[in-house]
Each structure stands twice: as structure tokens, then as C-alpha cells.
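# Commentary on secondary and tertiary structure
The chain contents come next:
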Amino acid sequence: MGKIQNALQANRTAELQTGDPASKSVTAILNSMLDSEGYRKRFDELLGRRAPQFVSSIITLVNADKNLQKAFYEAPVTVIQSALKAATFDLPIDPNLGYAYIVPFNNSAKQPDGSWSKRMEAAFILGYKGMNQLALRTGAYKTINVIDVRKGELKSYNRLTEEIDLDFIEDEDERESLPIIGWVGYFKLVNGTEKTLYMTKKQIEAHERKHRKGKNMGRGWVENPDAMAEKTVFRRLIGKWGLMSIDYQKADATTLAAADAIAKGQFDDEDALPEIIVDGDTGEIVEPGVENQTKLV
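Report on the accompanying structure. Here the structure is a predicted model, which means the values were calculated and not measured.

Moving on: the overall build of the chain. For the chain, the count of helices and strands is 12 helices and seven strands. A burial count over the chain gives 39% of its 297 residues as buried.

Counting through the fold element by element, Arg 150 comes out in strand 3 (residues 141–150). A distance of 3.1 Å separates polar atoms of two side chains, one belonging to Arg 150 and the other to Asp 148.

Here the focus is the pattern of salt bridges. Overall, the coordinates contain 10 salt bridges when judged by the stated rule. The closest approach of N and O atoms between Asp 148 and Arg 150, which form a salt bridge, is 3.1 Å. Salt bridges here are not isolated pairs; linked through shared partners, they connect Asp 148, Arg 150, Glu 153, Arg 175 and Glu 176.

Moving on: helix 3 (residues 39–47). All buried positions along helix 3 are accounted for by Tyr 39, Phe 43 and Leu 47. Across the axial projection of helix 3, the buried residues extend over an arc of 50°, all falling on one side. Where the residues of helix 3 are buried, they touch helix 2 (26–36), helix 4 (51–63) and helix 6 (76–88). In the segment just after helix 3, Gly 48 is the residue with positive phi, at about 60°.

Conventions used here
Residues numbered from 1 in each chain as written. Predicted model: local features only at pLDDT ≥ 70, side-chain atom pairs only at ≥ 80, totals over all residues. Heavy atoms only, no water. Helix = DSSP H or I, 4+ residues; strand = E, 2+ residues; numbered from the N terminus. Buried < 20%, exposed > 50% of the residue type's maximum accessible area, 1.4 Å probe, protein only. Polar contact = N/O pair within 3.5 Å; in protein donor to acceptor, adjacent residues only side chain to side chain. Salt bridge = Lys/Arg side-chain N within 4 Å of Asp/Glu carboxyl O. Arc of directions from axis to C-beta. Contact = heavy atoms within 4.5 Å.

See below:
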């Protein structure tokens, strides 16, 4: 890492002397780091012939975001490791696609002398579409869906047994004119295992207020709150109770055995995939020691 830090410092010095943007050297520094730290071999193992294209996408991503550039210069390993996670999941990191994100954030660390230092780092965030993709890859799902519930459609909901009685209004114009009172998520595995999650509009609003960044709503919640609510329910449903797989596969015996374990209550949370803790709008993450972050689960 010493060589990389020296290269970064040399780049900053050159920028001051020549006035050239630091982003111009991202390619050279990234390639040097991939080779010196052995990361390129790992990318090749994960992506094969697609590795060069993926590395190119990292460079494009870093060059397009000033905060990510700062993270690259201050904590380059966090950028590479975040990209490696995306490669492990075989998900694109173009933020416009919504599968996975490499998000910059300010991290504070306590020093031995008791003082606090801050630096910009990067974190991997699994997007809503990425979570759905990993779920579909298992081949274990027969149905996955999240839908809004309108006034008058909910007849009853048992929080303990999760039995829900809905009477959907068939006339679409009439239905669209009614206010939304909540959202319901549901999945059914090919072996018959089912899971239902219902959240009222009041619960969703409380959830957003609790986990918002700062005093105001995030852009996504302002522009399309209904879509954000659906994503929140989906994340809770699949992130906590569902099955996800990195590999494309059919519903084999191992996958279905895991589904049976969930159904029988023999599922150890410590063996599960880590809970996704993100901001549904910006994709920001909370980790120990990170300040001013937002959590959505």
C-alpha cells in the first residue's frame, strides 16, 4: 500500500504544479493498484473476459463523482473492495441501472491520542434491483410481489400468523382514486413456503422519518414516495426472510432445504446474508464508526 499512497501523493503534487485534474490519473493509479495488490487476478477469476470492461466501469464511475474521487485518493482500497463485492455478486455498478452502488461517505475514526480523524471512504450497496436479481437466481421462488393497498381493500390482517384478507377493487379508475393505506409484500417458494409482510402507510412514514438523512426527505421520497415505500417493503421481506444466491441456479435440494429450515423456524440468523442497511434514495450505508449516515432496512 505504500507504493499506492506515494503514487497518490505524487498525483496531488503534480496537480498543484500543472493544474491538471486529478481524475486524469485515476486510470494509471487504479491499474497500478490492481497489479501491485493482486486484485486484477481476483477480478479475472470472477468475471473472466468481462473483467477489463468492469475495471473500465470503475474508472468511469470514479471520474464522474467528485466525492468518489476523494474516496479513491484517501482510501483507495475501499473503492476496490466495494467493486470486488459487486463483481462477486456479478452485478453492474452503473448507478443508473440500480443493481449495485459504490457510495462515498465520510468515516470518522478515533485515534490513539483520543482525537478523531475523518476521511472519505467508499461502501458497496446492494440495490433494490440487485436484491431482486439475487433472489431470482436461486430458482426457488414461484412468486415475489409487492403491491399497494387502497382504502376499503383490507378486511383483516393477523400480525402473528400473517394471514391477510384483501378484497381488491377491480375497477382501475375507481381504485386509483382511493388513498393508499399500506403496502403488502408476498413471496411463495416452489416448495410451498409462503411469507407475507404488511406495512401501513403510517408505519412507512414513521420509518422514513426515523432513517432520513438530516431534517428533510431524500429526493426519492419527495419525487416518488409510493415507489420508495414498495422498495422498503421489498427489502424487509427479501432481506430478512427470503433466499438470495450469488450464482444462477435451479431450485436444487440445498436451496429447498434452506427454504424448509425457514418454514420450520430452524433458521439461524447468524448464518443469513447480512441485513442490507441503506438509504433507499441515495444508497448510503451505516457501518460502525460512521457518522451522519442513514439507515433503511
